[in-house]
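Here's the letter readout for the chains.
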Amino acid sequence: MSFSVIDCHTHVYPQELSSGPRTWAAMHQEPHWGTLVSPIDRLSIQDWATPKRMLKDMDAAGIDKTVLLGWYWEQVDTACWHNKIIAEWVATAPDRFIGFAAIQPKERVSEQLSAAADLGLCGVGELHHGVQGFDVDSAGWSELIDWCSYHNWPINLHVTGSIGRQHPDAVATPHDEIIALTESGPGTTFILAHWGGDLLLSNEYQTSELSLPGNVYFDCSASPLLHSPDIFERALKIAGKNKILFGSDYPLRLFPGKQKQADFVHYLNYIKEETPLKPEELKLIMGDNFKRVLG
Ligand SMILES: [Zn+2]
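Criteria and thresholds
Residues numbered from 1 in each chain as written. Predicted model: local features only at pLDDT ≥ 70, side-chain atom pairs only at ≥ 80, totals over all residues. Heavy atoms only, no water. Salt bridge = Lys/Arg side-chain N within 4 Å of Asp/Glu carboxyl O. Helix = DSSP H or I, 4+ residues; strand = E, 2+ residues; numbered from the N terminus. Buried < 20%, exposed > 50% of the residue type's maximum accessible area, 1.4 Å probe, protein only. Axes fitted to C-alpha atoms, helices over the stretch in contact; angles between N-to-C directions. Left-handed = near helix turned anticlockwise from the far one by under 90°. Contact = heavy atoms within 4.5 Å. Nonpolar A, V, L, I, M, F, W, Y, C, P; charged D, E, K, R; others polar. Expected span 1.5 Å × (residues − 1). Bend = angle between axes of the 7 residues up to and from the residue. Pairing = 2+ DSSP bridges.

Visitor: Help me understand the pattern of salt bridges in this model?
Guide: Charged atoms that come close allow side chains of opposite charge to pair. A full pass over the atoms with the stated rule returns nine salt bridges. The closest approach of N and O atoms between Arg-96 and Asp-59, which form a salt bridge, is 3.0 Å. Separated by 37 residues along the polypeptide, Arg-96 in the loop between helix H5 (76–92) and strand S3 (97–99) and Asp-59 in helix H4 (residues 51–61) bring together distant segments of the chain. Taking relative accessible area as the criterion, Arg-96 reaches 17% and is therefore assigned buried. Linking Arg-108 and Glu-111 is a salt bridge whose minimum nitrogen-to-oxygen distance equals 3.7 Å. Taking relative accessible area as the criterion, Arg-108 reaches 38% and is therefore assigned partly exposed. It is possible to trace a salt-bridge network through shared partners that takes in Asp-47, Arg-53 and Asp-57.

The structure is reproduced here in structure tokens:
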């Protein structure tokens with residue numbers, strides 16, 4: 001592509017997680033993660049990468065930069081540990097990787113954020129209020145949005161939808177709660193993952209386009225697993241071309257029938273071939289909008 005491409009939603013998982021995820025999850029009291037990446041009743045669509053392999057996959061697809069997200073860990077200690085690994089990955093290619101921090105907003109929030117900033121990270125995510133056990137009234141949440149607003153750090157929130165294909169182990173994130181979280185931080189930029197769940201599908205939002213707050217963006221991560229390609233057109237109509245960000249969810253296999261290994265190429269081709277995005281819209285969604293988010 002003739003413009004810069006930034007994937008705002010990828011995940012870093014160190015090697016030690018890939019060899020026995022369920023055992024690791026049990027040892028570290030991270031049951032939700034263990035269930036998601038290593039289900040017992042079906043084949044996992046989770047793949048694993050190293051910085052080297054990820055860069056190779058980015059090169060193959062013409063991706064300039066990726067945001068390395070943390071995870072919505074249940075334990076503060078896991079989040080702090082993960083951030084050090086994200087920083088190590090960023091250090092291998094600082095011009096290609098942008099690191100966001102795993103934060104558990106339950107406690108020691110400023111301490112977690114300052115440590116992440118010292119490591120060179122520059123945003124927060126992915127967070128999941130259902131799994132991590134916080135809400136708009138939690139003291140940790142207020143601390144988080146104040147810190148992020150002051151430091152101009154965007155926050156990526158996982159949003160689970162209820163329309164479209166469902167992930168069997170997904171934990172709900174009701175829309176009114178997501179709206180309340182974003183409204184509580186008008187000075188903070190929010191990226192709602194996976195199209196904001198069904199926010200762009202529900203009638204409520206289709207008819208009240210203008211009520212979407214200006215500080216809220218949507219990423220299209222994991223979309224082929226959840227929706228048909230016409231979601232791109234719907235999202236453009238409702239959210240507008242300036243509010244949509246390209247994100248994949250790499251190293252998740254978004255096309256399990258076609259991919260043995262995760263890559264970026266399949267999703268980029270899908271967007272180019274199966275959605276009617278115009279060159280100008282592609283340019284914004286693929287990178288220009290995210291540049292604005294980072295400021
Ligand atoms: Zn997610």
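Visitor: Looking at this model, I keep getting lost on the packing of helix H6 (residues 109–118) against helix H8 (residues 139–151). Mind explaining?
Guide: A pair of packed helices is captured by two measures, namely the crossing angle of their axes and the spacing between those axes. Relative to each other, H6 and H8 sit at 35°, their axes nearing to 9 Å. As for the relative orientation of H6 and H8, their crossing is right-handed in sense. Mapping the contact onto sequence places Val-109, Ser-110, Leu-113, Ser-114 and Ala-117 in H6 and Gly-140, Glu-143, Leu-144, Trp-147 and Cys-148 in H8. Its residues assigned to classes, the contact of H6 with H8 comprises six nonpolar, three polar and one charged.

Visitor: What is the right way to read helix H14 (residues 279–294) from this model?
Guide: Residue pairs spaced three or four apart in an α-helix point in one direction, given the helix's 3.6 residues per turn. A rise of 1.5 Å per residue sets the reference length of H14, with its 16 residues, at 22 Å; its end C-alpha atoms lie 22 Å apart and thus fit the reference within 8%. At Ile-285, H14 shows its maximal kink, close to 50°.

Visitor: How should I be thinking about the sheet that holds strand S7 (residues 216–219) in this particular structure?
Guide: In a beta sheet, neighbouring strands pair by backbone hydrogen bonds and run either parallel or antiparallel. Read from one edge to the other, the open sheet built from five strands follows the order S4-S5-S6-S7-S8, with strand pairing classed as parallel. Each edge of the sheet is formed by a strand with only one pairing partner; in this case those strands are strand S4 (124–127) and strand S8 (244–245). In the sheet, S7 pairs with S8 via two bridges, with the strands oriented parallel. Residue pairing for S8: Phe-218 is matched across the bridge by Ile-244.

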